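Coordinates in review
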Amino acid sequence: MTDGNEQVSIFQWFLILVFGLLLVVAVAAIVFVILVPAEGEHYTDFYILGKDGIAADYPERIHIGEPETIIVGVHNHEYRDITYLMEIYLLNQTTENNEVIINSMEPLDRFRVSLEHDQHEELVYTFIVDKTGYNRLEFLLFDENAPPDQVMGKDRINANYRDLYLSIQIEE
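Everything numeric in this text was worked out from a predicted model, so none of it was measured.

**Looking at the pattern of salt bridges**
Summed over the entire model, instances satisfying the criterion amount to eight salt bridges. Through salt bridges that share partners, E87, R110, D149 and R156 make up one connected network.

This is how it looks when you write it as structure tokens:
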């Protein structure tokens, strides 16, 4: 026959064992959280700065044959290395009945920017416009999923990963 003290003793050992296991699991969870940080949101910053490196003083009136300079920035927050494709176009577009119509679209430049995760690059970009008839400078950024070169116009603009534009007026 066992007395009540022996039963309490077994129960106490059981509680010590359970709390000990809980303590080990809690410490392991804390160590895991500290050593393996969670990934944040996946995105890419794409921005234009004026020639002085601030978000102001963008060229609005562009004279034919005269160089204009801006800064185009890309910051990779995608948690992987990416080679972006950047394309710059001159557009003549109008709006009729709340629908954007691209009357003409001429490629101005195209280049690749390779960035590791959390790396950024600000490119000093100088361009020259050689004809009138355009009212928008369009910047398209594609990740690895750029459409084929045959895709142009609205379809190309809609296929981008990120896009920016400057409204411009071209003068002789």
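This is not the end of the story, as more comes after the structure.
**Things to note about the side chain of E138**
Along the chain, E138 falls in strand 7 (residues 136–142). Take E138: its relative accessible area is 1%, and that puts it in the buried class. Here the side chain of E138 touches R136 through a polar contact of 2.6 Å, side chain to side chain.

**As for the nonpolar core**
Grouped together as the largest cluster of nonpolar side chains are 25 residues, with contacts concentrated most on F46, I70, M86, L137 and F139. A total of five residues in this core trace back to one element, the largest contributor, which is strand 4 (residues 82–96). In this view, M86 contacts F46, V72, V74, D109, R110, F111, V113, L123, L140 and L141; residues no more than four positions away in its chain are not counted. Core analysis: the next-biggest nonpolar cluster, separate from the first, contains seven residues, L91, M105, L140 and I157 among them.

**Structural notes on the sheet that holds strand 6 (residues 120–127)**
Spatially, 1-3-6 is the arrangement adopted by the three strands of the open sheet, whose pairing is antiparallel. Taken across any chain shown, the strands that pair with only one partner, and hence form the sheet edges, are strand 1 (43–49) and strand 6. Adjacent strand axes in the sheet meet at a mean angle of 20°, parallel and antiparallel pairs treated alike. Pairing between strand 3 (residues 68–77) and strand 6: eight bridges, direction antiparallel.

**Side note on the sheet that holds strand 7**
The strand order 5-4-7-8 describes an open sheet built from four strands, whose pairing is antiparallel. Edge positions in the sheet fall to strand 5 (99–115) and strand 8 (162–167), since each of these pairs with one other strand and no more. In this sheet, adjacent strand axes meet at a mean angle of 20° when their direction is disregarded. By the bridge criterion, seven bridges tie strand 4 to strand 7 in an arrangement that is antiparallel. Following the sheet pairing, Y89 is matched in strand 7 by E138.

**A word on the UniProt feature "transmembrane region" (unreviewed entry) in the protein**
As annotated in UniProt, the feature "transmembrane region" (unreviewed entry) corresponds to residues 12–36 in the numbering used here. Annotated as residues 12–36, this span is 96% helix and 0% strand, and its ends, taken at the C-alpha atoms, are 36 Å apart.

The rules we used
- Residues numbered from 1 in each chain as written.
- Predicted model: local features only at pLDDT ≥ 70, side-chain atom pairs only at ≥ 80, totals over all residues.
- Heavy atoms only, no water.
- Salt bridge = Lys/Arg side-chain N within 4 Å of Asp/Glu carboxyl O.
- Helix = DSSP H or I, 4+ residues; strand = E, 2+ residues; numbered from the N terminus.
- Buried < 20%, exposed > 50% of the residue type's maximum accessible area, 1.4 Å probe, protein only.
- Polar contact = N/O pair within 3.5 Å; in protein donor to acceptor, adjacent residues only side chain to side chain.
- Core = buried A, V, L, I, M, F, W, Y, C linked by side-chain atoms within 4.5 Å.
- Contact = heavy atoms within 4.5 Å.
- Pairing = 2+ DSSP bridges.
- Axes fitted to C-alpha atoms, helices over the stretch in contact; angles between N-to-C directions.
- UniProt positions renumbered as here; feature names shortened; annotations may be inferred.

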